Amino acid sequence: MKRIILSIILILSQSAIYAVEKLENVGIAKYAVLETINDNVPLRQKDNENAKRITHLFKDTVLFADKQNKNYYRVELKENNYVWVNKKFVEVQAIIPEKRFDNIKKIEFKDKKKNYNIEIKTDSNSAFVLKENGNNLDFTLFDNRYDPIETKILNKPENFIVKETIENEFDLKFLNNSPLFGYDIEKTKKGYLINIKKAPKINSKKPLKNITIVIDPGHGGDEFGARAFNLDEKTINLQISKRLKKEFKKRGAKTYLTRKKDKKIDLYKRIDFAKEKNADILLSIHQNSLANPKDIDKKHGVGTYYYNNQSKFLAQKIQENLLNQTKFKDDKVNYASFALTRPTNQISVLIECGYLIRKEEADKLKDKKFQKIISKAITKGCEDYLKESFLTKNNSL
Ligand SMILES: [Zn+2]
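None of these values were measured; they are calculated from a predicted model. (Residues numbered from 1 in each chain as written. Predicted model: local features only at pLDDT ≥ 70, side-chain atom pairs only at ≥ 80, totals over all residues. Heavy atoms only, no water.)

### As for the overall build of the chain
When its secondary structure is counted, the chain shows eight helices and 26 strands. Considered along the principal axes of its C-alpha atoms, the chain spans approximately 80 × 55 × 30 Å. Taken across its 397 residues, the chain has 51% of its residues classed as buried. Restricting the contact set of the chain to residue pairs at least 6 apart, pairs at least 24 apart contribute 71%. Accessible surface for the chain amounts to roughly 20200 Å². Of this, 48% is attributable to carbon and sulfur atoms. Looking at the chain, you have 78 positive and 53 negative side-chain charges, and the mean spots of the two groups are 6 Å apart. (Helix = DSSP H or I, 4+ residues; strand = E, 2+ residues; numbered from the N terminus. Buried < 20%, exposed > 50% of the residue type's maximum accessible area, 1.4 Å probe, protein only. Contact = heavy atoms within 4.5 Å. Areas by Shrake-Rupley, 256 points an atom, 1.4 Å probe, with all protein chains shown as cover. Lys, Arg positive; Asp, Glu negative; His and termini not counted. Charge placed at Lys NZ, Arg CZ, Asp CG, Glu CD.)

Here it is as structure tokens:
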């Protein structure tokens, strides 16, 4: 009797939490139904804060957990495919004996001038992964099926592949013949909307013409960043960013600053600003320091950071030009998960121009002429990236 009641009735929050604690022992309930309570919830490869992020989910996404430990639930995306979510981001809604899945109702493609829009209509708020695969982009929506009879597909361009559903997941592939230039996914009332930017048309003499650049001077207000030799990182960041804006403007780019004054701005507001401006490139400008000053002779010089593969080549080109022009030590192109390197909407890179805590670098970083050298090197890096990525015979103006 108990078995039947537990299977049928959706248990409300408090008792569901108790039930999920017993998840493995009871042997009746199989899955805890979780719902995310925020946007931007990371699913991780392992059960800790430092584990690799697999995807970020929207608020109200439904997940199925089959296990837990202290702070994390283990989520089954599909058979033998598990990820972890921190308990603080989800609420337990119910305990159910089996996972449920939906058929996708409609997939509609819109081939626009500068981008592709793909609307995926489904009734369920399921977990998804949108990930780069070389120049291609792969989208998987879990607990959803593409049903050849029930799912309508409208205006599919040839460079998209809708894979036949074998397990309870929906797979869409974007085949791209040039490097990726930004993409994102939004939650809509009816499902999901994927936006993929097309390769830009590049003017060979003025590669930055009509390219939109958002420059983000790091820190501001009571967030000073690194401090040394009477210098504040936030001030140097703003000075370099303003010079950088001038250089970009000269070359025909549309350029915006996330802050023009010494003001504190939330990291996510900076990201939203770049999205609002429909940026092609987002550059976050910083000066470095060290947690442990003992390392001062090991780590110094200029370093450039990226997170998404589509941003790696720009990071390399900026680093190359900065090394040439500044003659600073090579602090490398680094893969790093920062709030300002993670956005996929545009090519996103963070630059540590030098180490403010190192006297000879600080002396240069505060100098107007040197700031101009840095700005020119970064602009040149962007030009090289655009030309080498997108300037082909049939794609020039
Ligand atoms: Zn900084």
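### Quick word on helix 8 (residues 368-390)
In an α-helix, one full turn covers 3.6 residues, which means residues spaced three or four apart are oriented alike. With 23 residues, helix 8 should reach 33 Å at 1.5 Å per residue; the first-to-last C-alpha distance of 33 Å fits that figure. The opening residue of helix 8, the one whose side-chain oxygen lies 3.3 Å from the backbone nitrogen of K369, is D367. (Expected span 1.5 Å × (residues − 1). Polar contact = N/O pair within 3.5 Å; in protein donor to acceptor, adjacent residues only side chain to side chain.)

### What about the pairing of strand 1 (residues 31-36)?
Of all six residues making up strand 1, five are buried, and the element is well covered by its neighbours. As judged from the six bridges shared by strand 1 and strand 7 (residues 90-96), these two strands associate in the antiparallel manner. Across the sheet, residue A32 finds its bridge partner in strand 7, namely I95. Across four bridges, the pairing between strand 1 and strand 4 (residues 62-68) is antiparallel. (Pairing = 2+ DSSP bridges.)

### Points about the pattern of salt bridges
Under the defined criterion, the tally for this structure stands at 28 salt bridges. Notably, a salt bridge pairs E76 with K99, separated by 3.5 Å at the nearest N-O pair. Placement of E76 in strand 5 (residues 72-78) and of K99 in the loop between strand 7 and strand 8 (102-103) is noted, with a sequence separation of 23 residues between them. Across the pair K359 and D363 runs a salt bridge whose closest N-O atoms are separated by 2.9 Å. Residue K359 and its partner D363 are both found in helix 7 (residues 359-365); the two are separated by four residues, about one turn of the helix. With a relative accessible area of 43%, K359 lands in the partly exposed category. (Salt bridge = Lys/Arg side-chain N within 4 Å of Asp/Glu carboxyl O.)

### Let's talk about the packing of helix 6 (residues 312-326) against helix 8
Close contact between helix 6 and helix 8 brings their axes to 8 Å; oriented N to C, the two are set at 140 degrees. Between helix 6 and helix 8, the crossing angle belongs to the class labelled oblique. By crossing handedness, the relation of helix 6 to helix 8 is classed as right-handed. When helix 6 is examined against helix 8, the residues F313, L314, K317, I318, N321, L322, Q325 and T326 are found in contact with a partner set consisting of F370, I373, I374, A377, I378, K380, G381, C382, D384, Y385, E388 and S389. When its residues are assigned to classes, the contact of helix 6 with helix 8 shows 11 nonpolar, five polar and four charged. (Axes fitted to C-alpha atoms, helices over the stretch in contact; angles between N-to-C directions. Parallel < 35°, antiparallel > 145°, perpendicular 65-115°, else oblique. Left-handed = near helix turned anticlockwise from the far one by under 90°. Nonpolar A, V, L, I, M, F, W, Y, C, P; charged D, E, K, R; others polar.)

### Section: the coordination of the zinc ion
In this structure, H219 (NE2), E233 (OE) and H286 (ND1) serve as the protein donors to the zinc ion, at separations of 2.1 to 2.2 Å. Within one chain, the residues serving as donors to the zinc ion are arranged as H-x13-E-x52-H. Taken together, the residues H219 in the loop between strand 19 (212-217) and strand 20 (227-228) and H286 in strand 23 (residues 281-288) connect sequence positions 67 residues apart. Exposure remark for H286: the relative accessible area of 12% places this residue in the buried category. (Donors = N, O, S within 2.8 Å, 3.2 Å for Na, K, Ca; no water.)

### Observations regarding the nonpolar core
A general trend in soluble globular proteins is that nonpolar side chains are found buried together. Counting 42 residues, the largest nonpolar core has L34, I118, F139 and F170 as its most contacted members. Here this core takes four residues from strand 12 (residues 136-142), the largest share from any one element. Both domains that furnish three or more residues to this core are identified here as domain 1 (2-96) and domain 2 (102-197). Sequence-distant contacts of F139, that is, excluding residues within four places in its chain, are made with I120, F128, V129, L130, F170, D171, L172, I185 and I194. (Core = buried A, V, L, I, M, F, W, Y, C linked by side-chain atoms within 4.5 Å. Domains from an automatic or database assignment.)

### Brief notes about a positive patch on the surface
On the surface, K260, K261, K263, K269 and K277 cluster together into a positively charged patch. For K260, the location among the structural elements is in the loop between strand 22 (254-257) and helix 5 (267-276). Residue K260 is classed as exposed on the basis of its relative accessible area of 58%. (Patch = residues over 30% accessible without salt bridge, like charges linked within 9 Å, V, L, I, M, F, W, Y side chains within 5 Å.)

### Considerations on the domain arrangement of the chain
In terms of domains, the chain is made up of domain 1 (2-96), domain 2 (102-197) and domain 3 (212-390). Contacts between the two partners involve four residues from domain 1 and, on the opposite side, five residues from domain 3. Regarding the contact of domain 1 and domain 3, the summed buried area is about 270 Å², with carbon and sulfur atoms giving 37% of it. Taken together, domain 1 and domain 3 are joined by zero salt bridges. Our count for the domain 1 to domain 3 interface comes out at zero residue pairs in polar contact (both at pLDDT 80 or more). Partitioned by chemical class, the residues of the side of domain 1 that touches domain 3 number no nonpolar, two polar and two charged. (Buried area = accessible area lost by both parts, 1.4 Å probe.)

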